[in-house]
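# Coordinate analysis (summary)
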Amino acid sequence: MADHPRHRLGSPLRFALDTAAFKRDPHPTFARMRDAGPMIPLKLPFIGRAWATTTYASTLALVKDNDLFVQESRHAGKSGVVGFTWWMPRSLKTLTNNMLLKDEPDHRRLRKLVDQAFMRRGVQEMRPRIDAMADALLDELESLDSVDLLNDFARRLPLDVICEVLGLPNQDRAVFAEWTKLITQINKPHDIIRALGAINRMIDYVRGQIEDCRRSPRPGLLGELVRAEADGDTLDEDERLSMVFLLLAAGFETTTHLIGGAVIALDQNPAQKAYLLADPAARMERAVEEIGRFWTPVQTTKPRYVAHDADFFGQPLRRGDVVVALLAAANADPAHFDAPETLRLDRFPNQHLVFSSGIHFCLGMQLARVETQSALSRLYARFPDLAIPPADQLDWITRFGIRGVKSLPAQLAPHLRRAA
Ligand code: HEM
């Protein structure tokens, strides 16, 4: 390992990870970060001072070590949740009672209750249904001159799928989509107030749905979570609510930006797009893995805490320090991926960290894969020549941690429009 200076968390290095330029092309920034060492101190929006990984090796080591890196602040001699402050309402803090923010044994107890529903086999069986949902959305868009592929397609498909998995009524999806939009699009301080209002309405709604399920059982995961209580599993009311929110939040914006990112990445790489469309049935699975690596829509894990003083990749970590694993930096590391800045849809093996690793690796990984494969197959089967603006004209999300755009204006069949 090359020798790097010993850094101090009190003297964070300056890298802009919340700009449109970085989201458009993160590689030059990641290269400079790697030069500073595999573990570097940063000052991050909302999170504050935190150590961040910059290489594949340090990222993997961080997410695998759940003795040294813990989710619950009390296991590192602290209190509260990173990013949450005293003024946030109790309703919001209730929602932090979820598996992602828990250490063992609570994490395992909560994950076990739902992991059956997200196993590979069951998810594969959902493929025809997901194809049909994608087709139905595209039917609505077909006759329009121009569409917003992000909000009208990439956002709606994962929401439709997760609502069906949970067993939430179809007719509630439009208002649900509106609330989730308010919650996930926080750019200015007053957006927080609107988001809090939407969260409270969603909490009331989910509570109501749980009550309905108790009175009259119905298919879906929500019903199973209610039945789990009858079977004597330990899941309190806050945990049940928090679980539903986690599944909605973790399963929805993430997949939206993988689908949106895929359309942008394929547009920027026409030869690769032609290769994929020449035989989508055979090439789609591997292609989605590579698009995932190349785009890495979730650029970072949630912050964790250092449980005890330790040296990690040459850096002196102190109990209570905050750390993040930069999955996007890992997926861009030339020590692990040959020409990482190049999209190669036949890349194999491809041990990317898009869905992280270790005990908190993505529960919905299989679902996200099938949704994205399905979305791209159905979209390009109908609109192989769809056109979008160049990357520098897109409206990028600058918020730290997510790589994606706020909207994706597209002409689905530009040659037909020209001919008309
Ligand atoms: C492209 C889509 C997706 C990406 C890139 C993604 C990425 C991730 C990542 C990186 C983590 C680890 C976070 C951390 O350790 O801080 C994670 C965890 C998680 N994801 Fe996903 N995810 C996606 C889709 C989904 C879907 C569709 C669902 C399910 C509905 C889902 C549910 C979860 C849950 C419940 C966790 C927490 C697991 C645990 O703590 O044990 N995700 N995801």
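Residues numbered from 1 in each chain as written. Predicted model: local features only at pLDDT ≥ 70, side-chain atom pairs only at ≥ 80, totals over all residues.

### Notes on the overall build of the protein
- Summing up its helical and strand segments, the protein has 19 helices and 9 strands in all.
- For the protein, the C-alpha radius of gyration of 21 Å lies close to 22 Å, the compact-globule estimate for 420 residues.
- Its C-alpha atoms give the protein principal-axis dimensions of about 65 × 55 × 40 Å.
- Counting the 420 residues in the protein, one finds 41% classified as buried.
- For the protein, the proportion of contacts with a sequence separation of at least 24, taken over those separated by at least 6, is 74%. (Helix = DSSP H or I, 4+ residues; strand = E, 2+ residues; numbered from the N terminus. Rg over C-alpha atoms; globule rule 2.2 N^0.38 Å. Buried ≥ 20, exposed ≤ 12 C-beta atoms within 10 Å, placed from the backbone. Contact = placed C-beta atoms within 7 Å.)

### Description of the packing of helix 7 (residues 127–142) against helix 9 (residues 156–166)
- Two numbers describe how helix 7 lies on helix 9: the axes approach to 10 Å, and their chain directions differ by 135 degrees. With respect to helix 9, the axis of helix 7 lies oblique. In the crossing of helix 7 with helix 9, the sense of the turn from one axis to the other is right-handed. Between helix 7 and helix 9, the residues in contact are Ile130, Met133, Ala134 and Leu137 and Arg156, Leu157, Asp160 and Val161, respectively.
- Across the contact of helix 7 with helix 9, the residue classes break down as 6 nonpolar, no polar and 2 charged. (Axes fitted to C-alpha atoms, helices over the stretch in contact; angles between N-to-C directions. Parallel < 35°, antiparallel > 145°, perpendicular 65-115°, else oblique. Left-handed = near helix turned anticlockwise from the far one by under 90°. Nonpolar A, V, L, I, M, F, W, Y, C, P; charged D, E, K, R; others polar.)

### Thoughts on the pairing of strand 1 (residues 39–44)
- In terms of burial, strand 1 is largely enclosed, as 5 of its 6 residues are buried.
- Strand direction decides the pairing type here: strand 1 and strand 2 (residues 48–53), joined by 6 bridges, are antiparallel. Following the sheet pairing, isoleucine 40 is matched in strand 2 by alanine 52. (Pairing = 2+ DSSP bridges.)

### Observations regarding unusual backbone geometry
- Omega for the peptide link from glutamate 104 to proline 105 comes to 0 degrees, which places this bond in the cis form.
- Tracing the backbone through its elements, the reader meets proline 105 in the loop between helix 4 (90–94) and helix 5 (106–114).
- Here the phi dihedral of phenylalanine 313 falls at roughly 45 degrees; this positive angle occurs in a residue that is not glycine.
- Tracing the backbone shows phenylalanine 313 in the loop between strand 6 (310–312) and strand 7 (315–317).
- Positive phi values are uncommon outside glycine, yet alanine 339 reaches one of about 45 degrees.
- Tracing the backbone through its elements, the reader meets alanine 339 in the loop between helix 17 (327–330) and helix 18 (365–382).

### Some thoughts on the packing of helix 11 (residues 189–215) against helix 13 (residues 237–250)
- Viewed as axis vectors pointing N to C, helix 11 and helix 13 meet at an angle of 115 degrees, and their least axial separation amounts to 10 Å. Accordingly, the angle class assigned to the pair helix 11 and helix 13 is roughly perpendicular. Crossing angle aside, the handedness with which helix 11 passes helix 13 is right-handed. The segment helix 11 lies against helix 13, with Ile203, Val206, Arg207 and Ile210 engaging Arg240, Leu241 and Val244.
- Within the contact of helix 11 with helix 13, the residues separate by chemical class into 5 nonpolar, no polar and 2 charged.

### Looking at the sheet that holds strand 8 (residues 322–324)
- Spatially, 5 strands are ordered 1-2-8-5-3 in an open sheet, and the strand pairing comes out mixed. Here the strands that pair on one side only, and so sit at the sheet edges, are strand 1 and strand 3 (69–70).
- Against the sheet, helix 3 (residues 56–64) makes contact with strand 1, strand 2, strand 3 and strand 8, and its axis sits at roughly 110 degrees relative to strand 2, the strand it touches most.

### Considerations on the site of the ligand
- In the region of the ligand, 25 residues are neighbours, and Gly251, Thr254, Thr301, Cys362 and Gly364 sit closest.
- Contributing elements (two or more residues each) for the shell around the ligand: helix 13, helix 14 (253–268) and helix 18.
- Residues that form the shell around the ligand fall into these classes: 16 nonpolar, 7 polar and 2 charged. (Near = placed C-beta within 6 Å.)

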